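# Tertiary structure, described
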Amino acid sequence: MSASALLASAAHPTELYALFRYLLTPAPSASSLSKQAAHRKSAVAPTANRARCYHFLNLTSRSFSRVIAALDDELRHPVCIFYLVLRALDTVEDDMTIDIARKTLLLKDFHNKIYQRGWTFKESGEKEKDRQLLQEFDVVIEEFLGLDEKYQKVIADITKRMGAGMTQYLAAPTPENPHFIEIQTTASYNVYTHYVAGLVGIGLTDLFAASRLEVPQLASPANIELANEMGQFLQKVNILKDFLEDLQEGRVFWPKDVWAKYVPEGRSVDALAELEHQDAALACLNELVVDALKLVPSCLNYMALLHNPTVFQFCAIPQMMAIATLDHFYNSPSVFRTTGTKIRRGLAVKLMLASKDMHSVKRKYEAYALSINRKNADAVGKNDKDKSFMKVAVACADIVKWIHMHDDAKRTPQAAVSGLKFDWVVMIGLVVIATALAMGMLPTVL
Amino acid sequence: MATKDHYLVVGGGGFLGKRIAELLLESATPPPLVTILDLRRTFSDPRLTAFIEGDITDPVAVSAACKGKTVVIHTAAVIEGFPVPVYWKVNYEGTQNIINACRHHAVRALVYTSSASVTYNGQDLRNGTEADPYCDVHMDTYNETKAAAEQLVLESNGVGGLATVSLRPAGIFGPGDNNASKGLYDAAKKGNWKFMIGDNSTLFDWTYVDNVAHAHILAAKKLLSRASSSSPQQQHSPESEETAAGQAFYITNDTPTFFWDVPKYLYNELGYRNTLRTRIPRGVGMILGAVVDALVAIVAPFKKLTPTFTRFRVKVITNNRYLDIAKAKTVLGYVPTVPLEEGLRRTALHWKAVDKASTAA
């Protein structure tokens, strides 16, 4: 964590508090994690392989490794390996230096590779930040093969489905169509997000059920659909947020049947990134935000099914980040101007700390639904191209309605927004105290 | 069926009744017979069997109109601006007249238009169901008489072969309504589009008129299918198949939205920009409302004031007020046919045309 994170949250004292709390809990080191993972099978000493896996996990995503670290012993290692296998698969998919035929074969066959002791892949492009993982993939395979068979089955099954699904979206750029991936229809957008993220939700659900930390019924067909939508929601938020970055790398995930309505005649999607078409771009963004918001009740339904506190937190943290991110970039020109848009680190940490139970998750979701709805209402009449006002309003209302239906007790409606206002109350309080102190209003004891 | 069903739409000259009659005439080929009973002839339609001008407070006129009908759909009521006895005379006694006439002429089904407000008096209401009781103290005489008449209708179910049902729509709006969207249109014309009360965090139900009309037709058909199938063998059919007869149903668009979003949409369509920018906090609104209430009470002996900004209205606007329509969905098979946004779009078109006509004049 950097000083800039603290600075960004300077006007949000509750976030500063969260940041300090976060700083005071030590980050898990790779060796401590691997020891924890090995703890149950005390006969087996923590192997170098295991340590290497958690080292990779830390490299790929520091915050994610923290969330995995918090899982119960039983699940920690299977989830870690699941994550690394999918990360490796994703690295192959992303790599534009591998030719399509070879890539297709590899993606389709990846679920077999994880059973081949000693298999590694050393041909990743220089730009792939996780290429090291593939170069030493034999390490992950060893650990995969050491997992209980029930976990191996889930991981291999999801890898097979995801790899096969990804191959349907590979394209070679041509002068007419300079994109490596371009999604044509909303239906195809839904299928794509199912393959790359919905399946992660499904696989995790299968792992949870297999571990018996959650009931086996968690993996019922109806719940599997919820798990799918959970994953899709995360993916769609990222796809919306990363528009510019993806475009610059030649990937367009926004469905063509939507963006085509907003670009000038004869232009392609890159027109959305131009300042003169900002109104159209925002209208397009907001239409896709509606599509993402509609998934939120399913996500809440899924989280409400979970019993194990560590599993709950594991699922809730990314969801909370996603809804906060959506609130952050809804109707925001920054999506088309800057890359790497993120919510403040302090806010992220605050949300992580609030992801411990369904009650606080509901409060946050309600506050975010109201916040998006307020921005929506404020934007009415300012962008003639934007026809999503009522649709956003209804989607936000549906979220609040879900929360009402699952509320423990009736509250006064005003309490809902206090969470967002609290920062100001604390801040004013602090300023008053500081002023009082500065003016020497306290009696001098000494 | 040898003979066609013959529908009588009481109040068929009004906003809702007219849509019921029109949708009935479009509901099948060939359509059923449709007759309207209303105080005044407000429109003419060659497809109607008859448009009878008559008063529901007159038992003779009502009896004559009900003669030979299969179904009576009763939508007539006085809503606002009348002395208390008129509400009882029209809304309550008028309904009793209709029930009597239905029995006398062996009408098979009676569908009554009630109101979602029979159970509502300003409280915070989320996902309300038909199991909720009537209000102890009603919002106003209109609601009090509607609740009393609904009880008459439901108690008459099964007596003398008549099957009855009561529908309780919430927040009916549509092109040319005299209440919801007209109120917003008038407010906008008066320049009251600038401020809102509360923080727009509470949910409110609106229902597009065609959906309400559709529900009436579904309810009538449900009662008829039951009445015709009640042969001796089938009378002991399992109770699992829920019956509509003798029941009340909430009818909404099943799309509660934050209260101010609908006005915002309509104002925007009418060309007003930057609407509802001044937000009056709920607490301030309640105090202002109380002051208005006190003023009304003080001047009451001299002059009757009917302000729109009252403490009660502030309470209604800043509380949740929406219903669970699961019962109408499962028992009547009701699904809103016109989505909220489409209903609002059509309503906005109507008021735009009105606005254009009035500025041209």
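Criteria and cut-off values
- Residues numbered from 1 in each chain as written.
- Chains lettered and ligands numbered in written order.
- Predicted model: local features only at pLDDT ≥ 70, side-chain atom pairs only at ≥ 80, totals over all residues.
- Heavy atoms only, no water.
- Helix = DSSP H or I, 4+ residues; strand = E, 2+ residues; numbered from the N terminus.
- Buried < 20%, exposed > 50% of the residue type's maximum accessible area, 1.4 Å probe, protein only.
- Contact = heavy atoms within 4.5 Å.
- Areas by Shrake-Rupley, 256 points an atom, 1.4 Å probe, with all protein chains shown as cover.
- pLDDT = per-residue confidence, 0-100.
- Domains from an automatic or database assignment.
- Buried area = accessible area lost by both parts, 1.4 Å probe.
- Salt bridge = Lys/Arg side-chain N within 4 Å of Asp/Glu carboxyl O.
- Core = buried A, V, L, I, M, F, W, Y, C linked by side-chain atoms within 4.5 Å.
- Pairing = 2+ DSSP bridges.
- Axes fitted to C-alpha atoms, helices over the stretch in contact; angles between N-to-C directions.
- Polar contact = N/O pair within 3.5 Å; in protein donor to acceptor, adjacent residues only side chain to side chain.
- Nonpolar A, V, L, I, M, F, W, Y, C, P; charged D, E, K, R; others polar.
- Phe/Tyr/Trp six-rings, centres within 6.5 Å; stacked < 30°, edge-to-face > 60°.
- Lys NZ or Arg CZ within 6 Å of the ring centre and 35° of its normal.
- Parallel < 35°, antiparallel > 145°, perpendicular 65-115°, else oblique.
- Left-handed = near helix turned anticlockwise from the far one by under 90°.

Here the focus is the overall build of chain B. What chain B contains, in helices and strands, is eleven helices and 15 strands. Judged by the C-alpha coordinates and their principal axes, chain B covers about 65 × 45 × 45 Å. Burial statistics for chain B: of 361 residues in total, 52% are counted as buried. Looking at chain B alone, contacts between residues at least 24 apart form 79% of all its contacts between residues at least 6 apart. Of the accessible surface of chain B, which amounts to about 16100 Å², a share of 57% is contributed by carbon and sulfur atoms.

Now for the environment of B:Leu295. The topology assignment puts B:Leu295 in helix H8 (residues 282-299). Along the chain, B:Leu295 and B:Leu305 lie ten residues apart, while their C-alpha atoms are 8.9 Å from each other.

All names here are of chain A. Confidence along chain A averages 88 in pLDDT terms, with 88% of residues attaining 70 or more. Here helix H3 (residues 30-39) is the element of chain A with the lowest mean pLDDT, 57, and helix H16 (residues 296-305) is the one with the highest, 98. Contacts of residues 39-45 to residues separated by more than four positions or lying in other chains number five contacts, the stretch itself having pLDDT below 50. Across residues 412-419 the pLDDT falls below 50, and counting only partners more than four positions away or on other chains, this stretch makes 13 contacts in the model.

As a measure of interface size, the accessible area lost when the parts come together is often cited. Residues and elements named next belong to chain A. Split into domains, chain A comes out as domain 1 (33-170) and domain 2 (173-178 + 189-410). Computed over C-alpha atoms only, the centres of domain 1 and domain 2 are separated by 26 Å. Tallying the contact residues gives 26 residues for domain 1 and 22 residues for domain 2. Of the roughly 2200 Å² buried between domain 1 and domain 2, counting both surfaces, carbon and sulfur atoms make up 76%. On the domain 1 side of the interface with domain 2, the three residues burying the most area are Val 67, Leu 75 and Tyr 169, jointly 21% of the side's total. Scanning the region where domain 1 abuts domain 2 turns up one salt bridge.

Bringing the nonpolar core into the picture now. Ranked by size, the top nonpolar core spans 139 residues in total, and within it A:Phe110, A:Phe233, A:Trp254, A:Leu272, A:Leu293 and A:Leu300 carry the most contacts. By residue number, the principal contributor to this core is helix H17 (residues 309-329) of chain A, which donates 13 residues. No fewer than three residues from each of domain 1 (33-170) and domain 2 (173-178 + 189-410) of chain A sit in this core. For A:Phe233, the contacting residues outside a window of four places in its chain are A:Ala292, A:Leu295, A:Val296, A:Cys299, A:Gln319, A:Ala322, A:Ile323 and A:Leu326. Core analysis: the second largest hydrophobic core is formed by 81 residues, B:Tyr7, B:Tyr120, B:Ile317 and B:Ile325 among them.

Another aspect to go through is the environment of B:Phe43. Residue and element names in this part refer to chain B. Counting through the fold element by element, Phe 43 comes out in the loop between strand E2 (33-38) and strand E3 (50-53). The class of Phe 43 is buried, set by a relative accessible area of 14%. In sequence terms Phe 43 and Gly 12 are 31 residues apart; their C-alpha atoms lie 9.7 Å from each other. Once you skip the residues sitting within four places of it in the chain, Phe 43 turns out to touch Gly 12, Gly 13, Lys 18, Ile 36, Leu 48 and Phe 51.

Quick look at the sheet that holds E2(B) now. Backbone hydrogen bonds are what pair the strands of a sheet, in a parallel or an antiparallel way. Residues and elements named next belong to chain B. The strand order across the open sheet formed by seven strands is E3-E2-E1-E4-E5-E7-E12, and the pairing between neighbours is parallel. If you trace the sheet from one side to the other, it starts and ends with E3 and strand E12 (247-251), each paired once. Neighbour-to-neighbour, the strand axes of this sheet turn through a mean angle of 20°, independent of strand direction. In this sheet, strand E7 (residues 163-169) lies alongside strand E5 (residues 109-113) in parallel orientation, the contact comprising five bridges. What sits directly across from Ala 109, in E7, is Ala 163. Strand contacts of helix H4 (residues 141-155): E5, E7 and E12, with the helix running at about 150° to E7, the strand carrying the most contacts.

Right, let's talk about the interface of chain A and chain B for a bit. Each partner contributes to the interface: chain A provides 27 residues, whereas chain B provides 29 residues. Between chain A and chain B, a total of about 2500 Å² is buried, with carbon and sulfur atoms accounting for 54% of that surface. Between chain A and chain B we count five salt bridges in total. In this structure, A:Lys401 engages B:Asp254 in a salt bridge whose closest nitrogen and oxygen atoms are separated by 3.8 Å. On inspection of chain A and its partner chain B, the count reaches seven residue pairs in polar contact (both at pLDDT 80 or more). Within the residue set of the side of chain A that touches chain B, elements represented by two or more residues are helix H20 (358-379) and helix H21 (389-405) of chain A. Residues that form the side of chain A that touches chain B fall into these classes: 13 nonpolar, four polar and ten charged.

Mean pLDDT over chain B stands at 90; residues scoring 70 or higher make up 95%. Note that residues 230-240 of chain B has pLDDT below 50 and, in this model, two contacts with residues that lie over four places away or in other chains.

So, about helix H9 (residues 137-145) of chain A. Buried residues of H9(A): A:Phe137, A:Val139, A:Val140, A:Ile141, A:Glu143 and A:Phe144, and no others. Turning to H9(A), the residues buried within the fold contact helix H4 (48-60), helix H6 (73-94), helix H7 (100-113), helix H8 (131-135) and helix H10 (149-167) of chain A.

A complete count under the given rule lists 39 salt bridges over all chains for this structure. The salt bridge involving A:Asp242 is made with A:Lys241; its shortest N-O contact spans 3.3 Å. For the pair A:Asp242 and A:Lys241, one class covers both residues: buried. Between B:Glu342 and B:Arg346 there is a salt bridge, with the nearest N and O atoms lying 2.9 Å from each other. Separated by four residues within a single helix, B:Glu342 and B:Arg346 lie in helix H11 (residues 340-360), roughly one turn from each other. B:Glu342 sits in the partly exposed class, given a relative accessible area of 24%. Taken together, the shared-partner salt bridges in this structure form one network comprising B:Arg19, B:Glu22, B:Asp210, B:Glu342, B:Arg345 and B:Arg346.

As a further point, take the packing of aromatic side chains. Counted by the stated rule, this structure contains 22 aromatic pairs over all chains. Ring geometry for A:Phe110 versus A:Phe137: centroids 5.5 Å apart, planes at 55°, classification tilted. Of the two residues, A:Phe110 is situated in helix H7 and A:Phe137 in helix H9; the sequence distance between them amounts to 27 residues. An identical accessibility class is assigned to A:Phe110 and A:Phe137; each is buried. An aromatic cluster of three or more residues is present, and its members are A:Phe110, A:Trp119, A:Phe121 and A:Phe137. For B:Arg168, the ring lying beneath its charged end belongs to B:Tyr250, and the centroid distance is 5.3 Å. Across from the ring centre of B:Tyr120, 4.3 Å away, lies the NZ or CZ of B:Arg321, which sits over that ring.

Turning our eyes to something else, we now look at the packing of H16(A) against H17(A). Residues and elements named next belong to chain A. One way to put it is that H16 packs onto H17 with a least axis distance of 10 Å and a crossing angle of 160°. When the axis of H16 is compared with that of H17, the two are roughly antiparallel. The crossing of H16 and H17 is left-handed. Residues Val 296, Cys 299, Tyr 302 and Met 303 of H16 form the contact with H17, whose participating residues are Phe 312, Cys 315, Ala 316, Gln 319 and Ile 323.

On to the pairing of E12(B), then. All names here are of chain B. For E12, a buried count of four out of five residues is recorded, marking the element as mostly surrounded by other parts of the structure. Summarising the sheet, E7 and E12 pair through five bridges and their orientation is parallel. Looking at E12, one finds that Val 165 is bridged to Gln 247.

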